Amino acid sequence: MKTTLYRSESRGVGEAGWLHSRFSFSFANYFNPARMGFGALRVLNDDVIEGGGGFGMHPHRDMEIVTIVTSGTLEHQDSEGNRGVLTRGDVQVMSAGSGIEHSEYNKSDTELLALFQLWIETKEKGIQPQYDQKRFAMPDNALMVVASGLGDRGALSISQDARVVLGQLPPQASITYRPDQSRGTFAFMIEGGATVAGVELARRDALEVTDTDEIPLTTETGCEVLLIEVPLR
């Protein structure tokens, strides 16, 4: 097993008045040649959007875009005619494929919107754009696959041999995630803290894990964790 630890404070910072972002990988005006992605995972942004703020119509292509809302209300629409409203517990997937434009706004004028957005490279270029969203009821002391290109039952479908997994663990809990050894896993601690693959992670810390088919997680205080299993090119 190989691991690489990234502390929360090492992430890139983006501030645009209405937008407060932390970047796990190079994005926008943040460039770090040592942080260009992890295998097929290209972007993991931790965004807080002020009331009334948002992104107008803008294009994407050949990316699987996964959005996880943690608080507030997100309003989406795109050039394929899809519209959606997401709150905490909702996950959205958008296969940009051959090309799509979309907008994302905080639906509230007063409340903050907080979300994570992932970009995962598509397995094949130029596919037909697709959109879907789903609300997930997270069980305690469990890991749940919310997006997958590997046929996981109940998960939203993406066009890559990857999995996006959310976990919610109570205090004094242990669980094991079992990735395919040929892929890598990017573990991101959303809230709380845990020992992941033998490494202590605090809130917003991240860990790259490769060359293993077993990743143990143990928490004393309880935690929410995001696991992203992706091909390593």
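Residues numbered from 1 in each chain as written. Predicted model: local features only at pLDDT ≥ 70, side-chain atom pairs only at ≥ 80, totals over all residues. Heavy atoms only, no water.

Asker: I tried to follow the sheet that holds strand S16 (residues 173–177) on my own but got confused; where do I start?
Answerer: The pairing of strands in a sheet comes from backbone hydrogen bonds and takes either a parallel or an antiparallel form. Read across the sheet, four strands follow the order S16-S21-S18-S19 without closing on themselves; strand pairing throughout is antiparallel. Both edges of this open sheet fall to S16 and strand S19 (199–201), since each of them pairs with a single strand only. The sheet shows a mean angle of 25 degrees between the axes of neighbouring strands, direction not considered. (Pairing = 2+ DSSP bridges. Helix = DSSP H or I, 4+ residues; strand = E, 2+ residues; numbered from the N terminus. Axes fitted to C-alpha atoms, helices over the stretch in contact; angles between N-to-C directions.)

Asker: Mind showing me how you'd approach the packing of aromatic side chains here?
Answerer: Aromatic ring pairs are defined here through the distance separating the ring centres and the angle between the ring planes. The final tally for this structure, using the stated rule, is seven aromatic pairs. Note on Phe23 and Phe27: the rings are 5.3 Å apart at their centroids and 45 degrees apart in plane angle, and the pair reads as tilted. Residues Phe27 and Trp119 carry aromatic rings whose centres are separated by 5.4 Å and whose planes lie at 80 degrees to one another, so their mutual orientation is edge-to-face. Taken together, the residues span a long stretch of sequence, with Phe27 in the loop between strand S3 (19–23) and strand S4 (41–49) and Trp119 in strand S11 (residues 113–121) at a distance of 92 residues. Phe27 gets classed as partly exposed once you look at its relative accessible area, which sits at 24%. The exposure class assigned to Trp119 is buried, which follows from its relative accessible area of 17%. Positioned above the aromatic ring of Tyr6, the side-chain terminus of Arg35 is 3.7 Å from the ring centre. (Phe/Tyr/Trp six-rings, centres within 6.5 Å; stacked < 30°, edge-to-face > 60°. Buried < 20%, exposed > 50% of the residue type's maximum accessible area, 1.4 Å probe, protein only. Lys NZ or Arg CZ within 6 Å of the ring centre and 35° of its normal.)

Asker: Help me understand unusual backbone geometry, please; the structure alone is not making it clear to me.
Answerer: Among all residues except glycine, the phi angle is most often negative; among peptide bonds, the trans geometry is most common. One non-glycine residue, Ala28, lies in the positive phi region at around 55 degrees. Structurally, the position occupied by Ala28 is in the loop between S3 and S4. Positive phi values are uncommon outside glycine, yet Asn141 reaches one of about 60 degrees. Relative to the elements of secondary structure, Asn141 occurs in the loop between strand S12 (130–135) and strand S13 (142–148).

Asker: Help me understand the pairing of S4 in this model?
Answerer: Regular strands have side chains that alternate between both faces of the sheet. Burial of S4 is extensive: seven of the nine residues sit out of reach of the surface. In this structure, S4 lies alongside S11, joined through eight bridges in antiparallel fashion. When the bridges of S11 are listed, Val43 appears paired with Trp119.

Asker: Looking at this structure, I do not really get the pattern of salt bridges. What am I missing?
Answerer: Close approach of charged atoms allows side chains with opposite charge to pair. Tallied over the full model, the rule gives 16 salt bridges. With a shortest N-O distance of 2.5 Å, Asp205 and Arg7 are connected by a salt bridge. In this pair, Asp205 sits in the loop between S19 and strand S20 (206–210) while Arg7 sits in the loop between strand S1 (2–6) and strand S2 (12–15), placing the two residues 198 residues apart along the sequence. Judged by its relative accessible area of 3%, Asp205 falls in the buried class. When salt bridges that share partners are traced, they join Arg11, Asp46, Glu191, Arg203 and Arg204 into one network. (Salt bridge = Lys/Arg side-chain N within 4 Å of Asp/Glu carboxyl O.)

Asker: Any chance you could explain the sheet that holds S4 here in plain terms?
Answerer: The antiparallel open sheet is built from seven strands, whose spatial order is S2-S3-S4-S11-S6-S9-S12. The open sheet is flanked by S2 and S12, the only strands paired with a single partner. Direction aside, the axes of adjacent strands within the sheet are offset by 15 degrees on average. Where S3 meets S4, five bridges bridge the pair, whose relative direction is antiparallel. Note on S4: the bridge partner recorded for Leu19 is Ile49.

Treat this as a map of the structure, not an account of what it does.
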